[in-house]
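In case you want the letters, here they are:
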Amino acid sequence: MAEKKFAGLTGPVENTAVTADYESAQNFEALRVGKLGVYYREGFKIRFFAFEELERAFLRVQEVRGRMCCGQAFFAYFRMVLVAGGKEHDYAMSEKEQLMRDALAAIAANAPGLPIGVPAK
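Below is a short write-up of the structure. (Residues numbered from 1 in each chain as written. Predicted model: local features only at pLDDT ≥ 70, side-chain atom pairs only at ≥ 80, totals over all residues. Heavy atoms only, no water.)

1. Let's talk about the overall build of the protein chain
Consideration 1: What the protein chain contains, in helices and strands, is two helices and nine strands.
Consideration 2: Start at the N end of the protein chain and walk to the C end: the helices and strands fall as β-β-α-β-β-β-β-β-β-β-α.
Consideration 3: Principal-axis analysis of the C-alpha atoms gives the protein chain an extent of 55 × 40 × 25 Å.
Consideration 4: Burial analysis of the protein chain (121 residues in total) assigns 38% to the buried set.
Consideration 5: Carbon and sulfur atoms provide 53% of the accessible area of the protein chain, an area that totals close to 7700 Å². (Helix = DSSP H or I, 4+ residues; strand = E, 2+ residues; numbered from the N terminus. Buried < 20%, exposed > 50% of the residue type's maximum accessible area, 1.4 Å probe, protein only. Areas by Shrake-Rupley, 256 points an atom, 1.4 Å probe, with all protein chains shown as cover.)

2. Focus: the sheet that holds strand E6 (residues 45-50)
Consideration 1: The strand order E2-E1-E6-E5-E4-E3 describes an open sheet built from six strands, whose pairing is mixed. Each of the sheet's edge strands pairs with one partner strand only, and the pair in question is strand E2 (12-13) and strand E3 (26-28).
Consideration 2: Bridge analysis of strand E1 (residues 6-7) against E6 gives two bridges, and the strand direction is parallel. The partner of Phe6 across the bridge, within E6, is Ile46.
Consideration 3: Docked against the sheet, helix H1 (residues 16-24) engages E1, E2, E3, strand E4 (31-33), strand E5 (37-42) and E6, running at close to 80 degrees with respect to E5. (Pairing = 2+ DSSP bridges. Contact = heavy atoms within 4.5 Å. Axes fitted to C-alpha atoms, helices over the stretch in contact; angles between N-to-C directions.)

3. A word on the sheet that holds strand E7 (residues 54-68)
Consideration 1: Spatially, E7-E8-E9 is the arrangement adopted by the three strands of the open sheet, whose pairing is antiparallel. Strands at the two margins of the open sheet, each flanked by one partner only, are E7 and strand E9 (87-94). Direction aside, the axes of adjacent strands within the sheet are offset by 30 degrees on average.
Consideration 2: Here six bridges tie strand E8 (residues 71-84) to E9, and the two strands are oriented antiparallel to one another. Of the residues in E9, the one forming a bridge with Val83 is Glu88.

4. Things to note about the environment of Ala17
Consideration 1: Along the chain, Ala17 turns up in helix H1.
Consideration 2: Taking relative accessible area as the criterion, Ala17 reaches 38% and is therefore assigned partly exposed.
Consideration 3: Separated by 19 residues in the primary sequence, Ala17 and Leu36 place their C-alpha atoms 8.6 Å from one another.

5. Here's the deal with the nonpolar core
Consideration 1: In terms of nonpolar packing, the biggest core is built from 22 residues, with Leu31, Val38, Phe51, Leu54, Met80, Leu82 and Ile107 touching the most fellow members.
Consideration 2: Where this core is concerned, the elements lending two or more residues are E4, E5, E7, E8 and helix H2 (97-110).
Consideration 3: Per-element accounting of this core gives the leading share, five residues, to H2.
Consideration 4: In this structure, Phe51 is in contact with Val33, Gly34, Lys35, Leu36, Gly37, Val38, Ile107, Asn110 and Ala111, ignoring residues within four places of it in sequence.
Consideration 5: Counting residues in hydrophobic clusters, the runner-up holds seven residues, among them Phe6, Tyr22, Tyr39 and Phe48. (Core = buried A, V, L, I, M, F, W, Y, C linked by side-chain atoms within 4.5 Å.)

What follows is the structure, encoded as structure tokens:
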């Protein structure tokens, strides 16, 4: 089996602890939450965000309007947004709201000091 390639914020991550954490991480469709960080697929790589690198995590709802033969329908997609390095990263997406809320709860449980949710203005 091929070696898994992890891509961190600053480049490739080659660490046996990260590989083991990925294998044992909770799976939330396109997103995995482990003890060391958050993982999701991006092409042939697996993006890895260590909890120490994250500044905030929250959900973003993306509403899509679809035109049908008999009218319009609205669909909601839920994106996990990870803020790291002053930038938002929101590649993990699902139609299942509760699944994404459970992933956010798993992030909060594994990184208790990480701010969760959108900051108040």
